[in-house]
Amino acid sequence: MTDKIVVLSTCATADDADRLARALVQEQLAACVSVVPRVRSYYRWKGALENADEFLLIIKTSRDLFAALNSELEKLHPFEVPEVIAMPVVAGAENYLNWLGLNLRGAAQE
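All figures in this text were calculated on a predicted structure; none of them were measured in a lab.

Rules of the game
Residues numbered from 1 in each chain as written. Predicted model: local features only at pLDDT ≥ 70, side-chain atom pairs only at ≥ 80, totals over all residues. Heavy atoms only, no water. Pairing = 2+ DSSP bridges. Helix = DSSP H or I, 4+ residues; strand = E, 2+ residues; numbered from the N terminus. Axes fitted to C-alpha atoms, helices over the stretch in contact; angles between N-to-C directions. Contact = heavy atoms within 4.5 Å. Salt bridge = Lys/Arg side-chain N within 4 Å of Asp/Glu carboxyl O. Buried < 20%, exposed > 50% of the residue type's maximum accessible area, 1.4 Å probe, protein only.

## Examining the sheet that holds strand β1 (residues 4-11)
If you trace the four strands from one edge of the open sheet to the other, you get β2-β3-β1-β4, paired in antiparallel fashion. Each having just a single partner strand, β2 (32-45) and β4 (85-88) make up the two edges of the open sheet. Averaged over all pairs of adjacent strands, the angle between their axes in this sheet comes to 30°, without regard to strand direction. Pairing analysis gives four bridges linking β1 to β4, with the strands arranged antiparallel. When the sheet's bridge partners are listed, isoleucine 5 is paired in β4 with proline 88. Contacts between helix α1 (residues 14-26) and the sheet are confined to β1, β2 and β3 (48-62), with β2 contributing the most and set at about 130° to the helix.

## A look at the pattern of salt bridges
This structure, assessed with the given rule, holds eight salt bridges. Between aspartate 18 and arginine 22 there is a salt bridge, with the nearest N and O atoms lying 3.0 Å from each other. Of this pair, aspartate 18 and arginine 22 both sit in helix α1, separated by four residues, roughly a single helical turn. On the accessibility criterion, aspartate 18 (40% relative accessible area) is partly exposed.

Purely spatial values, then, with no claim about function.
Rendered as structure tokens:
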């Protein structure tokens, strides 16, 4: 098990996805955010079954930064209840995990 996590979130527009991804990387709360366009989400909202095309954010970060990342997402996200789900990175390519760590807040900068 590593100290890295992948956080998933969705948003409604490309502009929101771009704004959120840039903010998280700029603040070094994420080393990388991949944006996957046009995922179809089905969910229950205020008693009704809904569905929408959304943009999936795949956010690469560390466990130590989750609370700060969650707080930033909740502050910037236009949804009343933004999706923020963290999953552990059990293993990964050593050079990628090292790069990820070097590009997160609190890392010793070269």
